[in-house]
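Understanding the architecture of this molecule
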Amino acid sequence: MARIIVVTSGKGGVGKTTTSAAISMGLALQGHRTAVVDFDIGLRNLDLIMGCERRVVYDFVNVINQEATLNQALIRDKRNENLHILPASQTRDKDALTKEGVERVLNELSETFDYIVCDSPAGIERGAHLAMYFADDAVVVTNPEVSSVRDSDRMLGLLASKSRRAELGQDPIKEYLLLTRYSPQRVKLGEMLSVEDVQEILALHLLGVIPESKAVLNASNSGTPVILDEKSDAGQAYMDVIRRYLGEHVPHRFIEQERKGLFGRLFGS
């Protein structure tokens, strides 16, 4: 059976879809057959970030309504044959998802894939609930600011109480913290929370810290998961996340402010 990972948060705009694209591509790069599913019915951004928007013919809702087979709707990534994308519908509303339909699709995906990454919409509406309901693992994405952390804390309560694992009395969902858009310089100036501040509030295992980086926007605009930009700090940070998730001990980077060398200190560059 596949391991189901939900990428979630309470607040929009924190980098969930960027993270879903990076994690799914990272797992595929490590040789794991991976499917990434867009649960954000009505918006559908995942296919844009994955660069496959022109290839969408059928979508998640078509498969749930049995208007198309899963094989017809899945799009194989053009860069890695281990990765497939199941896009969301732009023309339906969020009530198009049903618990029974989602379960049937995830069960069918589990027969073929090692990992299923569920890209959750923000908030606590139906799509977000169904994205997390069947999860084995949850990557809680938050920015280092009070409102984002507070909303993530609310999501932790839902993960603990409204999942299938909770209903059946099974082991709880494994929860991981991913801190995005982090800037040590702004932390030092008191403009954002530190890693320690966020961990103290949420008390989660830290999976990774993604630095504030122009590479994320550039990758999104080009339809390429940022993890493929090996020269960027964000790309390297996401690859560290994958290695940690798969059990490697990888020290955290991009948390401390870089120290300037002699010439930097002399000339302020």
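Here is a short report on the structure shown in this document.

Analysis parameters
- Residues numbered from 1 in each chain as written.
- Predicted model: local features only at pLDDT ≥ 70, side-chain atom pairs only at ≥ 80, totals over all residues.
- Heavy atoms only, no water.
- Helix = DSSP H or I, 4+ residues; strand = E, 2+ residues; numbered from the N terminus.
- Buried < 20%, exposed > 50% of the residue type's maximum accessible area, 1.4 Å probe, protein only.
- Contact = heavy atoms within 4.5 Å.
- Areas by Shrake-Rupley, 256 points an atom, 1.4 Å probe, with all protein chains shown as cover.
- Core = buried A, V, L, I, M, F, W, Y, C linked by side-chain atoms within 4.5 Å.
- Salt bridge = Lys/Arg side-chain N within 4 Å of Asp/Glu carboxyl O.
- Pairing = 2+ DSSP bridges.
- Axes fitted to C-alpha atoms, helices over the stretch in contact; angles between N-to-C directions.
- Polar contact = N/O pair within 3.5 Å; in protein donor to acceptor, adjacent residues only side chain to side chain.
- Phe/Tyr/Trp six-rings, centres within 6.5 Å; stacked < 30°, edge-to-face > 60°.
- Lys NZ or Arg CZ within 6 Å of the ring centre and 35° of its normal.

**Details of the overall build of the protein chain**
Secondary structure summary: the protein chain contains 13 helices and eight strands in total. Here the C-alpha coordinates of the protein chain stretch approximately 65 × 40 × 35 Å along the principal axes. The buried share of the protein chain, taken over its 269 residues, is 53%. A separation threshold of at least 6 residues defines the contact pool for the protein chain, and within that pool the share at least 24 residues apart is 74%. Summing over all exposed atoms, the protein chain offers an accessible surface of approximately 12,800 Å²; the carbon and sulfur share of this is 47%.

**Considerations on the nonpolar core**
It is characteristic of soluble globular proteins that their nonpolar side chains tend to be buried jointly. If you look at the biggest cluster of nonpolar residues, it comprises 50 residues, and the most contacted ones within it are Phe39, Phe60, Leu86, Leu97, Val102 and Leu109. It is helix H7 (residues 146–161) that provides the largest number of residues to this core, a total of five residues. Apart from the residues lying within four places of it in its own chain, the contact partners of Leu109 are Ala35, Val37, Leu70, Leu74 and Ile116.

**Comments concerning the pattern of salt bridges**
Pairing is possible between side chains of opposite charge, provided their charged atoms come close. Summed over all chains, the structure comprises twelve salt bridges. Between Arg186 and Glu191 there is a salt bridge whose closest N-O contact spans 3.2 Å. A relative accessible area of 31% means that Arg186 is categorised as partly exposed. Residues Arg253 and Asp240 are paired through a salt bridge, measuring 2.9 Å at the closest nitrogen-oxygen approach. Here the residue Arg253 occupies a position in the loop between helix H12 (233–245) and helix H13 (262–267), and Asp240 occupies one in helix H12, the gap between them amounting to 13 residues. Of the residues examined, Arg253 reaches a relative accessible area of 35% and is grouped as partly exposed. On the basis of relative accessibility, which here comes to 3%, the residue Asp240 falls in the buried class. Beyond isolated ion pairs, a larger network of salt bridges with shared partners links Asp240, Arg243, Glu248 and Arg253.

**Structural notes on the environment of Ile124**
Along the chain, Ile124 falls in the loop between strand E5 (115–119) and helix H6 (126–133). The class for Ile124 is partly exposed, based on a relative accessible area of 44%. Taking the C-alpha atoms as reference points, Ile124 and Thr8, separated by 116 residues in sequence, lie 10.0 Å from one another. Once residues within four sequence positions are removed from consideration, Ile124 is found in contact with Arg154, Met155 and Leu158.

**Examining the sheet that holds strand E3 (residues 75–76)**
Strand order in the open sheet made by the eight strands is E3-E4-E2-E5-E1-E6-E7-E8, with mixed pairing throughout. Of all strands in the sheet, those with a lone pairing partner are E3 and strand E8 (205–211), marking the two edges. In the sheet, strand E1 (residues 3–8) pairs with strand E6 (residues 137–142) via four bridges, with the strands oriented parallel. Along E6, the bridge assignment pairs Val7 with Val139. Packing of helix H5 (residues 99–110) onto the sheet brings it into contact with E1, strand E2 (34–38), strand E4 (83–86) and E5, and relative to E5 it is tilted by some 145°. Those strands touched by helix H10 (residues 195–202) are E6, strand E7 (174–182) and E8, and its axis lies near 150° from that of E7.

**Describing the side chain of Ser232**
Here Ser232 shows up in the loop between helix H11 (214–222) and H12. Here Asp229 takes part through its backbone oxygen, which lies 2.9 Å from a polar atom of the side chain of Ser232. In terms of polar contacts, Ser232 uses its side chain to reach the backbone amide nitrogen of Gly235, at 2.9 Å. With residues near it in sequence (within four places) discarded, Ser232 still touches Ala215 and Val226.

**Re the packing of aromatic side chains**
The relative placement of two aromatic rings is captured by the distance of their centres and the angle of their planes. The tally for this structure, following the rule as stated, stands at four aromatic pairs. Taking 5.1 Å as the distance between ring centres and 80° as the angle between the ring planes, the aromatic pair formed by Phe39 and Phe60 counts as edge-to-face. Of the two residues, Phe39 is situated in the loop between E2 and helix H2 (46–49) and Phe60 in helix H3 (residues 60–64); the sequence distance between them amounts to 21 residues. Here Phe39 matches Phe60 in class, with each residue buried. On the numbers, 6.0 Å between centres and 65° between planes, the contact of Tyr115 with Tyr245 is edge-to-face. Highlighted residues: Tyr115 in strand E5 and Tyr245 in helix H12, separated in sequence by 130 residues. A relative accessible area of 13% means that Tyr115 is categorised as buried. Clustering of aromatic rings is evident, with ring pairs tying together Tyr115, Tyr176 and Tyr245. Its guanidinium or amino end placed over the ring of Tyr133, Lys99 lies 4.2 Å from that ring's centre, counting from NZ or CZ.

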